[in-house]
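So you can see what is in the structure, the chains are spelled out below.
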Amino acid sequence: MAVKYWEKLKSLLSLRSLQARIFIIILVIGIVPSVLMRYGILNSYEERTVQIRTATVQNQLKIVGNHLLSNHYFSDTKTNENVINAELEMISNLYEGRVIIVDSSLRVVKDTYGISEGKTMISEEVIRCLRGESMSNYDREHGYIEMTTPIEEVGGAKDGSDSIVGVMVTSISSDAIISTMDALNREAAILQNLMLVAILACAIVLSTVLTRPFNRVTEAINEVQAGYSDKTIDVPDYVETVHIVEAFNQLLRRMKTLDDSRQEFVANVSHELKTPMTSVKVLADSLLAQEDAPAELYREFMEDIVSEIDRENQIITDLLALVRMENRVQQMNIVSLNINDLTELILKRLRPIARKRDVELVFESMRTVVAEVDEVKLTLIMTNLVENAIKYNKEHGWVKVELDADHQYFTFTVSDSGLGIPEESLAHIYERFYRVDKSHSRDIGGTGLGLAITRSAVLMHRGAITVTSVEGEGTNFTVKIPLSYIKD
Ligand code: ADP
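Asks: Honestly, the overall build of the chain in this entry has me stumped. Any pointers?
Replies: The helix and strand tally for the chain stands at 12 helices and 12 strands. For the chain, whose C-alpha radius of gyration is 54 Å, the value lies well above the compact-globule estimate of 23 Å for 488 residues. The principal-axis extents of the C-alpha atoms in the chain amount to approximately 170 × 60 × 35 Å. Considering only residue pairs separated by 6 or more positions, the chain has 65% of its internal contacts joining residues 24 or more positions apart. Accessible area of the chain: about 29,600 Å², with a carbon and sulfur share of 56%. Mean positive and mean negative side-chain charge positions of the chain (51 and 69 charges, respectively) differ by 2 Å.

Written out as structure tokens, the structure is:
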């Protein structure tokens with residue numbers, strides 16, 4: 001259990017888990033905008049407040065500037081000096097700042113702090129302002145706004161244009177703005193933390209809920225694996241889970257079919273192997289039961305026993321051939337071979353059996369065929385088909401073997417004038433142990449494995465086998481195999 005949770009935690013941390021990815025995506029989508037909004041809104045608020053504050057102070061300073069001019073503040077004949085000083089004091093008190101008035105010869109005429117009066121003030125900002133370029137600067141770190149305001153005399157210049165006769169250098173405190181900002185920032189941080197908790201909860205819930213169907217798929221598969229049921233599984237939550245489950249169910253069905261056919265095969269093998277043994281036992285028992293059995297009877301029974309043992313042997317040989325054929329690991333031993341020669345050789349071997357059954361064996365070759373094949377397996381194919389055609393024939397019947405080829409395939413056809421195969425049996429003749437007429441086939445000596453072996457061998461050559469048959473008239477098997485062996 002602990003190992004399971006550790007594995008889960010590891011996959012979550014390594015981001016290979018879908019749940020971890022969903023969790024992080026929701027978290028990022030939720031948190032990034034809220035952080036950006038917080039800083040964006042606070043910054044633009046600060047900028048705007050500084051702008052408004054600067055514009056307000058500039059306006060007031062302009063009014064004071066006009067008063068200065070109308071009262072000839074820069075000449076010896078100045079009037080109402082106290083009133084103007086009071087106005088300047090008021091501005092500097094109101095905005096917690098300092099106002100310095102500099103005349104056109106850079107001399108400090110007035111300093112609300114009373115420190116620099118009479119001194120000369122040479123600074124770039126003042127000189128620029130005298131040229132008409134006023135400025136304002138917000139120093140966030142030290143908490144003040146600095147600005148220069150020109151004192152303009154309308155039509156004061158010789159040519160009748162406006163002239164700048166002095167400059168007001170003002171610095172005001174931005175502490176009020178900063179403390180408002182701090183308060184806002186604190187509130188935003190609380191809101192943001194609340195949002196963070198909500199988003200975190202959302203991310204946990206959603207990532208768990210969204211990935212739950214996949215866990216259900218795993219659970220269902222594990223249940224099947226544990227053998228609780230052999231029924232198909234069903235998780236209809238998502239199109240994706242439906243696809244996974246469908247694929248799994250298909251696999252399950254395939255496995256079940258394979259399992260069923262394996263069980264059937266084992267049952268058939270046991271049955272087929274048991275039959276000759278039972279006969280042997282019955283024969284031996286009946287011999288033992290007779291006390292003074294004559295020698296001829298012994299001989300007769302012994303012959304029967306030998307033929308049953310031969311049959312058992314035949315079944316085992318066929319079974320081994322089939323198992324070897326179906327073992328995928330088995331290599332194909334491909335050689336370039338003259339198929340005409342091989343056919344002649346096989347027919348020569350089978351001729352005695354044909355003669356014994358009074359069946360005529362004919363070979364017709366349309367052309368010389370050379371192909372890349374596995375000699376042993378092709379021999380098995382041809383022998384099985386021709387042997388069947390002889391075995392399941394009538395008296396005075398015939399078997400015709402034809403060989404032909406085009407540029408890609410060669411075809412090997414075996415036709416006979418035999419018993420034929422009933423239509424309903426045609427679909428089953430390649431099944432292992434299938435025999436059309438069990439008692440008849442038994443007399444003839446078949447095991448029901450020959451065509452299964454033949455078909456496997458044909459498929460291993462990437463070929464095809466087809467059959468047509470009319471009951472009572474005859475059968476025709478056609479094998480089509482590529483001239484060049486096609487590897488996987
Ligand atoms: P067997 O060892 O019994 O011959 P096969 O797999 O070779 O097994 O054939 C399966 C069954 O198909 C046979 O039992 C037989 O009934 C039928 N069969 C095969 N070839 C022919 C044929 N040429 N004519 C009639 N029946 C055939």
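Once you've had a look at it, read on.
Asks: What is the right way to look at the pairing of strand E1 (residues 97-103) in this model?
Replies: Within E1, 6 of the 7 residues are buried, which leaves the element mostly enclosed by the surrounding structure. Alignment of E1 against strand E5 (residues 163-173), held across 7 bridges, turns out to be antiparallel. Its bridge partner being in E5, Arg98 is matched across the sheet by Ser171. The pairing of E1 with strand E2 (residues 108-111) spans 3 bridges and is classified as antiparallel. By the bridge assignment, Ile100 is partnered in E2 with Asp111. Between E1 and the antiparallel strand that follows it, E2, lie 4 residues; Leu106 among them carries a positive phi value of about 65 degrees.

Asks: I tried to follow the environment of Leu273 on my own but got confused; where do I start?
Replies: With respect to the helices and strands, Leu273 occurs in helix H6 (residues 239-289). Along the primary structure Leu273 and Phe410 are separated by 137 residues, whereas in three dimensions their C-alpha atoms are 37 Å apart. For Leu273, the contacting residues outside a window of four places in its chain are Glu312, Ile315 and Ile316.

Asks: Can you help me understand the sheet that holds strand E3 (residues 136-139) in this one?
Replies: Strand pairing in a sheet takes place through backbone hydrogen bonds and is either antiparallel or parallel in direction. Spatial ordering of the open sheet is given by E2-E1-E5-E4-E3, a layout of 5 strands whose pairing is antiparallel. Two strands close off the open sheet at either side, each with one partner strand: E2 and E3. When strand polarity is set aside, the average angle formed by the axes of neighbouring strands in this sheet is 15 degrees. Pairing analysis gives 10 bridges linking strand E4 (residues 144-153) to E5, with the strands arranged antiparallel. Looking across to E5, one finds that Glu153 is bridged to Ser163. Where helix H2 (residues 18-70) meets the sheet, it contacts E1, E3, E4 and E5, and its direction lies at approximately 35 degrees from that of E4.

Calculation criteria
- For every chain, the first residue of its written sequence is number 1, and the numbers climb from 1 along that sequence.
- In keeping with the predicted nature of the model, local features appear solely for residues at pLDDT of at least 70, side-chain atom pairs appear and are counted solely at 80 or more, and the whole-chain, interface and lining totals rest on all residues.
- Each side-chain value is derived from all of the structure's non-hydrogen atoms; neither hydrogens nor water enter the calculation.
- Every helix listed is a DSSP run of H or I at least four residues long, and every strand listed is a run of E at least two residues long, numbered separately from the N terminus.
- Between the two quantities, the radius of gyration covers C-alpha atoms and the globule rule is 2.2 Å times the number of residues to the power 0.38.
- Between two residues, a contact is recorded if the distance between any of their heavy atoms is within 4.5 Å.
- The protein chains shown are the only cover counted for residues, whose accessible areas, like all others here, come from Shrake-Rupley with a 1.4 Å probe.
- His is not counted here, nor are the chain ends, while Lys and Arg score as positive and Asp and Glu score as negative.
- Charged side chains are reduced to one point each, which is NZ for Lys, CZ for Arg, CG for Asp and CD for Glu.
- Each residue is assigned to one of three classes by its accessible area relative to the maximum for its type, calculated with a 1.4 Å probe on protein chains only: buried under 20%, partly exposed between the two thresholds, exposed over 50%.
- Strands are treated as partners if at least two bridges between them are detected by DSSP.
- All axes here are fitted lines through C-alpha atoms, helices being fitted over the stretch that makes contact, and every angle between N-to-C directions spans 0 to 180 degrees.

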